[in-house]
Amino acid sequence: MAVAFTVLMAFGTAPTPLWPLYEARDHFGATTVTVAYASMVVGAAAAFLGLGHLSDRLGRRRIIVPALLVGIVASVVLMAWRDLPGLITGRILNGAGLGLMASTATTYLHDLHHEARPDRTGSVLPGIVATAANLGGLASGPLIAGAAAEWLPAPLITTQAIFTLAMAGCLALVLSTPETVDLELPAAEPPLRFALRPGGRRTFAAAGALGAFAFAILGLISSLGASVLHGTLHTDSHLVAGLAAFLMFGSAAAAQLVLGRLPLPRVMTVGAVVFPVGLVLCAVALYHPALWLYLVAVSLSGAGSGLLFKGGVERAVSVAAPASRAGVLAVFFVVAYLGMGLPSVLFSIALRHFAVQTAMIGFAAVLSCGAVVSVAVALRDRAPGSGALPAQSPGPS
């Protein structure tokens, strides 16, 4: 299950170093790249809101298997339909599969661990595995695609073929795993889709804003990072473009795993410091082009993003009504994913009127101020609830 989770999340970010190749093939520019990238967000948001909660009724495996099948269909569409409509359709399907997987996989991993080790209730291992699979997959996708583009022929086809085979293998693995939801039990009352504790609206708004601001830089580097490397840092290597995204997502995972056990205020405070520092260094690396500085900058931005996202999730859970945690998290994730897509589109539009360096300064200023204010509001409103991280966490996505 962890392998399947990793592979499907990697498939979602694999196009990161390939966008310049899609631009050349289909003859479009930066704005269209961000729209194609953001189309995945549409599919993921629809899956989160419309289908993600169904695993409690239909079973975990009955959601994971369709997630992999949708991912396979998406890869086939991307291979066979070689123009812009095919690219957008494939990305929407990619997002739908990713949303189904991310909304169910972490819970399934906790269930499987509990069945295998019932004496280890409360173990942190499933959460660590889920974080590593989720963000590790997001990190490895660009690196795999970058290596394919660097050394293998027909990279747009070869990359999809690699992930098609990998997802097919994962499908066989998942079909051999046991179902952990007892489908013979009478159906319980359907949970409320979205309900907050009294006085929790402002805290939830701040938590959602944290998710959006944290994901905005991930979306920008994932969609336009390769173009920035090519145009400003004069680096044509697809592998380096994949490495930058790998470092960003990998740093997010490492920060969560290393610092995640600190008290929540400290986690969010560290994130609110590291995140702006990384963004400022991104702008400096574009004004004074230096590849090493850019890689350091995206790593720090990713680490700060991971901590802010973790804080946002925990604060959102802390103000959710007990019977509506899944619904509140679904809305939170949709807001976060919108943050991954919309700012990138706005950034690409800004590039029509400003130099990339100027646009990056404005982008960094807005995200930094927004993140700091959101952290201050989220920590000031001490809404009831422990804010413990639930057994359900998607990535950047």
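Residues numbered from 1 in each chain as written. Predicted model: local features only at pLDDT ≥ 70, side-chain atom pairs only at ≥ 80, totals over all residues. Heavy atoms only, no water.

- Per an unreviewed UniProt entry, the protein chain is named MFS transporter, and its organism is Streptomyces griseoluteus.
- Its UniProt record, at the heading Subcellular location (unreviewed entry), says of the protein chain: "Cell membrane". (UniProt positions renumbered as here; feature names shortened; annotations may be inferred.)

Details of the overall build of the protein chain
- Across its full length, the protein chain holds 14 helices and 0 strands.
- Shown N-terminal to C-terminal, the secondary structure of the protein chain runs as helices and strands in the order α-α-α-α-α-α-α-α-α-α-α-α-α-α.
- Over its C-alpha trace the protein chain gives a radius of gyration of 20 Å, about what one expects of a compact globule, namely 21 Å for 397 residues.
- Across its three principal directions, the C-alpha atoms of the protein chain cover 60 × 50 × 30 Å.
- Counting all 397 residues of the protein chain, 57% fall into the buried class.
- Relative to all contacts within the protein chain whose residues are 6 or more apart in sequence, the contacts with residues 24 or more apart total 86%. (Helix = DSSP H or I, 4+ residues; strand = E, 2+ residues; numbered from the N terminus. Rg over C-alpha atoms; globule rule 2.2 N^0.38 Å. Buried < 20%, exposed > 50% of the residue type's maximum accessible area, 1.4 Å probe, protein only. Contact = heavy atoms within 4.5 Å.)

Structural notes on helix 12 (residues 291–318)
- Here helix 12 is 28 residues long and its end C-alpha atoms lie 41 Å apart, about the 40 Å a rise of 1.5 Å per residue gives.
- Taking burial as the measure, the 28 residues of helix 12 include 24 buried ones, the bulk of the element. (Expected span 1.5 Å × (residues − 1).)

Concerning the packing of aromatic side chains
- Within the structure shown, the criterion is met by 10 aromatic pairs.
- Measuring from centroid to centroid gives 5.5 Å for Phe48 and Phe333, while their planes differ by 40°, and the two rings are tilted. In this pair, Phe48 sits in helix 3 (residues 30–50) while Phe333 sits in helix 13 (residues 325–350), placing the two residues 285 residues apart along the sequence.
- Using a relative accessible area of 2% as the deciding quantity, one classes Phe333 as buried. (Phe/Tyr/Trp six-rings, centres within 6.5 Å; stacked < 30°, edge-to-face > 60°.)

Some points on the packing of helix 11 (residues 264–287) against helix 12
- Direction vectors running N to C along helix 11 and helix 12 enclose 150°, while the axes themselves pass 7 Å from each other. Considered as vectors, helix 11 and helix 12 are oriented roughly antiparallel to each other. Crossing angle aside, the handedness with which helix 11 passes helix 12 is left-handed.
- Residue composition of the contact of helix 11 with helix 12, by class: 21 nonpolar, 6 polar and 2 charged. (Axes fitted to C-alpha atoms, helices over the stretch in contact; angles between N-to-C directions. Parallel < 35°, antiparallel > 145°, perpendicular 65-115°, else oblique. Left-handed = near helix turned anticlockwise from the far one by under 90°. Nonpolar A, V, L, I, M, F, W, Y, C, P; charged D, E, K, R; others polar.)

Observations regarding the domain arrangement of the protein chain
- Here the domain parsing of the protein chain yields domain 1 (1–179) and domain 2 (194–383).
- Inter-centroid distance (C-alpha atoms) of domain 1 to domain 2 is 20 Å.
- Listed as interface residues are 34 residues of domain 1 and, on the opposing side, 36 residues of domain 2.
- The junction of domain 1 with domain 2 conceals about 2900 Å² of combined surface from both sides, 77% of it contributed by carbon and sulfur atoms.
- Where domain 1 packs against domain 2, one counts 0 salt bridges.
- Linking domain 1 to domain 2 there are 10 residue pairs in polar contact (both at pLDDT 80 or more). (Domains from an automatic or database assignment. Buried area = accessible area lost by both parts, 1.4 Å probe. Salt bridge = Lys/Arg side-chain N within 4 Å of Asp/Glu carboxyl O. Polar contact = N/O pair within 3.5 Å; in protein donor to acceptor, adjacent residues only side chain to side chain.)

Describing a nonpolar patch on the surface
- A grouping of Val273, Val277, Trp292, Val296 and Leu300 is seen on the molecular surface, where their side chains present a nonpolar patch of about 450 Å² in accessible area.
- Looking at the nonpolar patch element by element, the count peaks at 3 residues for helix 12.
- Looking at the secondary structure, you find Trp292 in helix 12. (Patch = residues over 30% accessible without salt bridge, like charges linked within 9 Å, V, L, I, M, F, W, Y side chains within 5 Å. Areas by Shrake-Rupley, 256 points an atom, 1.4 Å probe, with all protein chains shown as cover.)

What about the pattern of salt bridges?
- As enumerated under the stated definition, the model contains 3 salt bridges in all.
- In this structure, the salt-bridge partner of Asp26 is Arg25, at a minimum N-O distance of 3.0 Å.
- Here Asp26 falls in the buried class, since its relative accessible area comes to 17%.
- The class for Arg25 is partly exposed, based on a relative accessible area of 26%.
- Note that Asp111 is salt-bridged to Arg60, the shortest N-O span being 2.8 Å. Pair noted here: Asp111 is in helix 6 (residues 84–116) and Arg60 is in the loop between helix 4 (55–58) and helix 5 (61–80), with a separation of 51 residues, a long-range link.
- On the basis of relative accessible area, Arg60 is assigned to the buried category, the value being 8%.

Points about the nonpolar core
- Ranked by size, the top nonpolar core spans 116 residues in total, and within it Met1, Met101, Ile217, Tyr294 and Met360 carry the most contacts.
- Sort the elements by how many residues they give to this core and helix 9 (residues 201–231) lands first, with 15 residues.
- Residue contributions to this core reach at least three from each of two domains, namely domain 1 (1–179) and domain 2 (194–383). (Core = buried A, V, L, I, M, F, W, Y, C linked by side-chain atoms within 4.5 Å.)

Looking at the environment of Ser176
- Take Ser176: it is sitting in the loop between helix 8 (155–175) and helix 9.
- Placed 115 residues apart in sequence, Ser176 and Arg61 show a C-alpha to C-alpha distance of 9.8 Å.

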